[in-house]
Amino acid sequence: MKIIIRILAAMALAGAAQAYAQYPNKPVHAIISFTPGSSTDIVGRIVLQKLAEMWGQPVVPENRAGAGGSIGTAVVAKAPADGYTLLIDSNAHTVTPSIYASLPYRPLDDFVDISPLTQQPNVLIVNAGSPYKTLMDIVNAAKAKPGAINWGHAGVGSGTHLNTEKFVAAAKINVTQIPFKGTPEVIQAMLSGSVDCYWAPISAAIPHIKGGRVRALAVSTPKRNSQLPDVPTTGEAGVQGADAPLWFGLWAPAGTPKEIVAKISADTRKALADPGVRDRLQNLGNDTMDMSPEEFAKFVRSEHDAYARVIKAAGIKPQ
């Protein structure tokens, strides 16, 4: 009997190993936590397209936006842990636990960290017809009339929300914050005159900047970005302590077999290293990131703790 049990166990292990080696053998579904046209969407689709080519299987993106990315994230948290439902999110993944008092999932426990994708700055933009020509024009206007500046962001808990909070705290100003579902909605509101400014992810902002529809005043990183070399950093423009880079990553439900996680991670890193993918991302202001699942897990937790401190210091109460 013991020999039979051992044989059956060995057969099961061999079958599982073969299944892992054949992954994926059917379409993969990828939930993108922000709206179409957002930077999370743009970066995610570029990487997913390459993975589909590598795997010879469709990788189907689906946008599930809202509540700072938590709506789409909740969908993945409840999905089968088989590697066929993935999550593409921004650093909002590590912000929402400090913003929302009650989430339908546990960000650090209900997911396995697979790979970071890219990092990029947000860029402060205004309508091309705006009277604000520099960062300090906005700061001075906000100080002259507290609350008069309408400042858009891509939803409570999003990276653009955190950037706004860091900036208003560093600049010591009071503005009226207006949340939207995602970047395209904020930019449209700006073009129509409903909001005055927005810390837009650079990959989503560049087409509008180069098209002359919006004006860039500053980037949210310590160094200037190669795609906008004439745009100063916030520090150069007159406000210190407001840096807030935006990053994106790939997750799966907790319990996903480690062999599948390892394959997705390795293939994602190959996709990001592909010259064509890298060039497309860099042309949109992105720097690719390269970490193992273990390194990414440590990074996610350090970001979670750092954002918690920032949000507490800003006096933001969980909703």
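Residues numbered from 1 in each chain as written. Predicted model: local features only at pLDDT ≥ 70, side-chain atom pairs only at ≥ 80, totals over all residues. Heavy atoms only, no water.

Considering the sheet that holds strand β6 (residues 150-153)
Hydrogen bonds between backbone atoms are what pair the strands of a sheet, whose relative direction is either parallel or antiparallel.
No. 1: Across the sheet, which stays open at both edges, the 5 strands sit in the order β7-β6-β8-β5-β9 with mixed pairing between neighbours. This sheet does not close on itself; its edge strands, each paired only once, are β7 (176-179) and β9 (214-219). When the angles between neighbouring strand axes are averaged without regard to direction, this sheet yields 30°.
No. 2: Pairing analysis gives 2 bridges linking β6 to strand β8 (residues 197-201), with the strands arranged parallel. Across the sheet, Trp 151 pairs through a bridge with Cys 197, a residue of β8. (Pairing = 2+ DSSP bridges. Helix = DSSP H or I, 4+ residues; strand = E, 2+ residues; numbered from the N terminus. Axes fitted to C-alpha atoms, helices over the stretch in contact; angles between N-to-C directions.)

What about the environment of Gln 119?
No. 1: Mapping Gln 119 onto the fold places it in strand β4 (residues 111-120).
No. 2: Sequence-wise, Gln 119 and Ser 302 are 183 residues apart; in three dimensions their C-alpha atoms are separated by 16 Å.

Points about the sheet that holds strand β11 (residues 287-288)
No. 1: Within the open sheet, the 6 strands sit side by side as β2-β1-β3-β10-β4-β11. Their pairing is mixed. Where the open sheet ends on each side, the last strands, each with one partner, are β2 (59-63) and β11.
No. 2: Sheet analysis places strand β3 (residues 85-90) next to strand β10 (residues 246-253), joined by 4 bridges and oriented antiparallel. For Ser 90, the partnering residue across the bridge sits in β10 and is Phe 248.
No. 3: Each of β1 (28-32), β3, β4 and β10 is contacted by helix α3 (residues 70-77), which is oriented at about 155° to β3, the strand it contacts most.
No. 4: Lying over the sheet, helix α10 (residues 258-273) contacts β3, β4, β10 and β11, oriented at roughly 10° with respect to β4. (Contact = heavy atoms within 4.5 Å.)

Looking at the packing of helix α2 (residues 39-55) against helix α8 (residues 202-210)
Two measures define how a pair of helices packs: the angle their axes make with one another and the distance between the axes.
No. 1: At a minimum axis separation of 7 Å, α2 and α8 run at an interaxial angle of 105°. The angle between α2 and α8 falls in the class roughly perpendicular. Residues Ser 39, Ile 42 and Val 43 of α2 pack against Ile 202, Ser 203 and Ala 204 of α8.
No. 2: Residue composition of the contact of α2 with α8, by class: 4 nonpolar, 2 polar and no charged. (Parallel < 35°, antiparallel > 145°, perpendicular 65-115°, else oblique. Nonpolar A, V, L, I, M, F, W, Y, C, P; charged D, E, K, R; others polar.)

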